[in-house]
Amino acid sequence: MRRWSPGRAQTEPVAAIVAVFAVCFGLLAYTGVLGDAMPRSERTLGPTTISSVRDAASSNGILIPTRLAESSATPDGYHCNVTLTVGKREWHDGPTPPPNAKVPSSPAATTVSVRIAPGDVRPGRLRVVVWK
């Protein structure tokens with residue numbers, strides 16, 4: 001029969017915490033470097049850009065047309081056109097895509113709430129086209 005020994009199979013609590021911290025830091029550094037090294041998926045450019053535009057141009061979830069120009073959510077190395085339509089009214093930001101533009105993904109569009117005037121909120125359509 002084995003007897004328990006105070007010097008056997010024990011680790012100081014501080015050493016265990018340092019070891020866990022080192023492993024977590026290593027994993028965090030690895031995923032950060034891996035994320036930067038991986039190529040960007042062009043299929044997600046439209047949805048990601050439209051989400052950025054909506055967040056930058058809205059206040060409390062309601063999009064304000066005059067803030068479209070302030071959004072500047074264009075991904076690096078790409079051009080972007082943002083169109084907001086409410087009924088027959090339209091607001092644009094960014095250059096018009098040329099007919100021969102290489103559009104990596106289909107244009108992204110979503111329905112948004114738009115503030116036309118103070119107290120006047122209407123449904124609208126936000127559309128983003130990203131191209132090289």
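The structure displayed is predicted, hence computed values, not measured ones. (Residues numbered from 1 in each chain as written. Predicted model: local features only at pLDDT ≥ 70, side-chain atom pairs only at ≥ 80, totals over all residues. Heavy atoms only, no water.)

Aromatic ring pairs: the centre-centre distance and the angle between the two ring planes describe each pair. Within the structure shown, the criterion is met by one aromatic pair. When the centroid spacing of 6.5 Å and the interplanar angle of 20° are considered together, the rings of Phe21 and Phe25 count as stacked. Residue Phe21 and its partner Phe25 are located together in helix α1 (residues 13–37), separated by four residues, close to a single helical turn. Taking the relative accessible area as the measure of exposure, Phe25 reaches 52% and is therefore exposed. (Phe/Tyr/Trp six-rings, centres within 6.5 Å; stacked < 30°, edge-to-face > 60°. Helix = DSSP H or I, 4+ residues; strand = E, 2+ residues; numbered from the N terminus. Buried < 20%, exposed > 50% of the residue type's maximum accessible area, 1.4 Å probe, protein only.)

Summed over the entire model, instances satisfying the criterion amount to one salt bridge. Close ionic contact of Arg122 with Asp120 constitutes a salt bridge, the shortest N to O distance being 3.3 Å. By relative accessible area, Arg122 is classed as partly exposed at 43%. (Salt bridge = Lys/Arg side-chain N within 4 Å of Asp/Glu carboxyl O.)

Burial of strand β3 (residues 79–86) is extensive: six of the eight residues sit out of reach of the surface. Sheet topology places β3 next to strand β6 (residues 120–131); seven bridges connect them, and they run antiparallel. Within β6, the residue paired with Leu84 across the bridge is Leu126. Two strands pair when backbone bridges link them, and β3 and strand β4 (residues 89–93) are joined in this way by five bridges, in the antiparallel orientation. Bridging across to β4, Thr83 finds its partner in His92. Hairpin connection, β3 to β4: the antiparallel pair is bridged by two residues, and Gly87 has positive phi, about 60°. (Pairing = 2+ DSSP bridges.)

Time to look at the side chain of Ser58. Along the polypeptide, Ser58 turns up in strand β1 (residues 58–59). Relative accessible area serves as the criterion here: at 18%, Ser58 is assigned to the buried category. A polar side-chain atom of Ser58 sits 2.7 Å from the main-chain carbonyl oxygen of Arg54. Apart from the residues within four sequence positions on either side, Ser58 is in contact with Leu63, Ile64 and Arg67. (Polar contact = N/O pair within 3.5 Å; in protein donor to acceptor, adjacent residues only side chain to side chain. Contact = heavy atoms within 4.5 Å.)

Bringing the nonpolar core into the picture now. One finds Leu63, Leu68, Val82, Leu84 and Leu126 to be the most contacted residues of the largest nonpolar core, which totals 18 residues. Elements that contribute at least two residues to this core include exactly α2 (45–56), β3, β5 (108–117) and β6. Of all the elements, β3 adds the most residues to this core, at four residues. Not counting chain neighbours up to four residues away, the residues in contact with Leu126 comprise Ile50, Val53, Arg54, Leu63, Leu68, Val82, Thr83, Leu84, Ala108, Ala109, Thr110 and Val112. (Core = buried A, V, L, I, M, F, W, Y, C linked by side-chain atoms within 4.5 Å.)

On to the sheet that holds β1. Strand order in the open sheet formed by six strands is β1-β2-β5-β6-β3-β4, and the pairing between neighbours is mixed. Unpaired on one side and paired on the other, β1 and β4 mark the two borders of the sheet.

We now examine unusual backbone geometry. Its identity as a non-glycine residue notwithstanding, Asn60 has a phi of 55°, on the positive side. Position of Asn60 among the secondary structure elements: in the loop between β1 and β2 (62–63).

What follows concerns α2. Here α2 contains twelve residues, and its C-alpha end-to-end distance of 16 Å stays within 8% of the 16 Å for a straight helix at 1.5 Å per residue. All of the buried residues in α2 are Leu45, Gly46, Thr49, Ile50 and Val53. One side of α2 holds all its buried residues, which, seen down the axis, span an arc of 120°. (Expected span 1.5 Å × (residues − 1). Arc of directions from axis to C-beta.)

Note that all results are geometric; they support no functional claim without further evidence.
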